[in-house]
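# Structural features, examined
If you want the building blocks of each chain, they are given just below.
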Amino acid sequence: MAEPASDPADSARDGDPEVPDIDLPSDAFDAVLDALAGRDPGEPLRFEGFSVGRDDAGEDSDDGDAAGEYRLDPADGDRRTGLSERDLHEALDDRAPTVTDWYAFERVVGEFGPRRAFLRWLEDADGATVATRYAALAEGIERAWGELRITATITDRGERRYDVRHADDAGVPVDDLDAYDDPLDARELVKLDEKGRYRPLKTAPSLAGGWVFPDLGARDAYELVETIYPATVANWHREREGELDVTHWRETMERQSGIYGVVKTWDRGEGHEHVNWVAEACCDDSQCLKRREWQYDDETDLDVDGGDGVFPCREPCSVVVSAARKWTRLESEQPRTYEFDLTPSEKEQVEAIIDAVADGQIDEIREADTKEGANRYRTRFLRAKLFDEDGNLGGVPTESDEEDEE
Ligand code: SF4
């Protein structure tokens with residue numbers, strides 16, 4: 001929760017924390033006047049540490065001039081009444097950080113919902129005081145969202161600006177990256193990974209870097225994040241509000257018709273182990289940045305961990321459903337017993353190759369490192385030794401002679 005409110009004008013004067021100099025822009029002041037115009041005197045506009053309101057008619061101003069129509073109530077000071085518009089402007093100018101903060105969220109960002117919650121979360125607006133945040137924004141507040149690094153800063157008019165880039169490019173000068181300003185340009189950036197391969201899952205940790213959106217406003221920053229990681233903010237927000245509607249595996253599969261229906265066969269008496277394997281294969285943090293919240297069904301949790309992602313996954317995605325469909329066919333085959341002769345090292349090498357492929361580590365294994373099981377030369381050696389001319393491991397055909405004759 002926020003610290004007890006104190007008047008930021010005092011904080012600024014005390015110099016601790018160091019709040020940057022902020023000029024009150026006329027549009028922020030006009031917005032305050034607009035907000036007050038529709039209010040009764042008994043309904044002040046509340047800011048952190050003070051409120052302003054319409055004054056009861058007939059009170060003289062503090063300096064003896066004709067009565068103004070506004071009043072100022074500092075939380076820890078004396079009420080000032082009968083303020084003219086100019087008086088009010090001066091008073092708010094002294095409190096420009098707080099007023100511009102109000103303006104940024106109430107008018108620029110606007111309505112309550114995921115966008116507002118996300119932009120406030122970026123700078124901890126529901127936890128830290130204006131003074132603390134403005135001092136931090138002056139330095140730049142960094143947040144991670146998936147593979148993104150978002151840096152929020154502030155102008156001398158209290159406007160938020162955002163630099164969004166791949167986390168791997170943190171600290172790289174903007175001139176060394178491809179700079180963009182239209183959030184929709186990100187649609188191209190998310191299509192391919194660094195090796196130019198199509199990314200079917202937008203939340204896979206395979207976002208390519210080398211680009212930056214160095215100077216976005218609040219709404220564009222939000223749109224960019226939604227373009228790169230669709231629906232992640234909305235689901236994160238639902239979860240924070242206690243409204244995340246999770247659709248579990250079983251329910252998702254029951255909705256599938258036609259060919260997808262074959263996946264349902266996994267439900268039969270298997271102890272849901274297939275579903276565990278799918279989740280372990282696809283939803284692990286190494287494969288997807290979402291935190292899996294779906295389970296087998298309402299009453300049956302899966303055995304594998306859902307991950308640590310900031311944003312939740314509320315139902316099996318199409319990539320998982322599609323993979324499960326293919327694997328269902330493979331899993332419908334009956335196991336057989338094959339006999340191969342392997343040395344202990346060869347058995348371990350086969351295991352190392354499976355691990356390296358599953359963990360995407362093939363590229364990290366150097367050609368010269370022939371001790372590694374998944375080293376290319378060592379694997380070619382194994383193939384040369386164990387495969388016959390038809391590519392059969394150990395010379396053992398996949399189908400037996402009798403089955404070939406059937
Ligand atoms: S189902 Fe798994 S892989 Fe798909 S988005 Fe959710 S967590 Fe990621």
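See the structure above.
First, a word on scope: everything that follows refers to the structure included in this document.

Now for the overall build of the protein chain. Secondary structure assignment for the protein chain yields 15 helices and 11 strands. With 406 residues in all, the protein chain has 42% of them scored as buried. In the protein chain, of all internal contacts separated by at least 6 residues, the share reaching a separation of at least 24 is 58%.

In this section: the packing of aromatic side chains. In total, this model carries 15 aromatic pairs according to the counting rule given. For the ring pair F118 and W145, a centre distance of 4.9 Å and an interplane angle of 75° mean the geometry is edge-to-face. With F118 in helix α5 (residues 114-122) and W145 in strand β5 (residues 141-145), the pair connects residues that are 27 residues apart, well separated along the chain. Exposure remark for F118: the relative accessible area of 1% places this residue in the buried category. With relative accessibility at 0%, the residue W145 sits in the buried group. On the numbers, 5.9 Å between centres and 75° between planes, the contact of W211 with F213 is edge-to-face. Neither W211 nor F213 differs from the other in exposure class; each is buried. Here the aromatic cluster, defined as three or more aromatic residues joined through ring pairs, consists of F118, W121, W145, Y222, Y229, W236 and F311. Sitting above the plane of the F112 ring, R116 keeps its charged end 4.0 Å from the centroid. A cation over a ring is seen here: R143 above W121, with NZ or CZ 4.0 Å from the ring centre.

Every residue close to the ligand is listed here: L201, C282, C283, C288, K290, W294, C313, E315, P316, C317 and V320. Residue classes in the shell around the ligand are distributed as 9 nonpolar, no polar and 2 charged.

Bringing the side chain of E123 into the picture now. Take E123: it is sitting in the loop between α5 and α6 (130-139). When near neighbours in sequence (up to four residues on either side) are disregarded, E123 contacts D101, F105, R133, L137, I141, R160 and Y162.

This part takes up unusual backbone geometry. Phi is positive for D124, close to 55°, though the residue is something other than glycine. Among the secondary structure elements, D124 is positioned in the loop between α5 and α6. The backbone phi angle of A231 is positive, close to 65°, even though this residue is not glycine. Counting through the fold element by element, A231 comes out in the loop between α8 (218-228) and α9 (232-240).

Looking now at the sheet that holds strand β7 (residues 160-166). The strand order β5-β6-β7-β9-β8 describes an open sheet built from 5 strands, whose pairing is mixed. The open sheet is flanked by β5 and β8 (178-179), the only strands paired with a single partner. With 5 bridges connecting them, β5 and strand β6 (residues 148-154) associate as antiparallel partners. Bridge assignment links W145 to a residue of β6, and that residue is L148. Packed onto the sheet, α5 meets β5, β6 and β7 and runs at close to 125° relative to β5. Where α8 meets the sheet, it contacts β5, β6, β7 and β9 (211-216), and its direction lies at approximately 155° from that of β9.

On the surface, a cluster of negative charge is contributed by E18, D21, D23, E90, D93, D94, E139 and D156. In terms of residues, the negative patch owes the most to one element, helix α3 (residues 85-94), which gives 3 residues. Secondary-structure assignment places D156 in the loop between β6 and β7. Using a relative accessible area of 48% as the deciding quantity, one classes D156 as partly exposed.

Criteria and thresholds
- Residues numbered from 1 in each chain as written.
- Predicted model: local features only at pLDDT ≥ 70, side-chain atom pairs only at ≥ 80, totals over all residues.
- Heavy atoms only, no water.
- Helix = DSSP H or I, 4+ residues; strand = E, 2+ residues; numbered from the N terminus.
- Buried < 20%, exposed > 50% of the residue type's maximum accessible area, 1.4 Å probe, protein only.
- Contact = heavy atoms within 4.5 Å.
- Phe/Tyr/Trp six-rings, centres within 6.5 Å; stacked < 30°, edge-to-face > 60°.
- Lys NZ or Arg CZ within 6 Å of the ring centre and 35° of its normal.
- Near = heavy atom within 4 Å.
- Nonpolar A, V, L, I, M, F, W, Y, C, P; charged D, E, K, R; others polar.
- Pairing = 2+ DSSP bridges.
- Axes fitted to C-alpha atoms, helices over the stretch in contact; angles between N-to-C directions.
- Patch = residues over 30% accessible without salt bridge, like charges linked within 9 Å, V, L, I, M, F, W, Y side chains within 5 Å.
- Areas by Shrake-Rupley, 256 points an atom, 1.4 Å probe, with all protein chains shown as cover.
- Salt bridge = Lys/Arg side-chain N within 4 Å of Asp/Glu carboxyl O.
- Lys, Arg positive; Asp, Glu negative; His and termini not counted.
- Charge placed at Lys NZ, Arg CZ, Asp CG, Glu CD.

These values are about where atoms sit, not about what they do.
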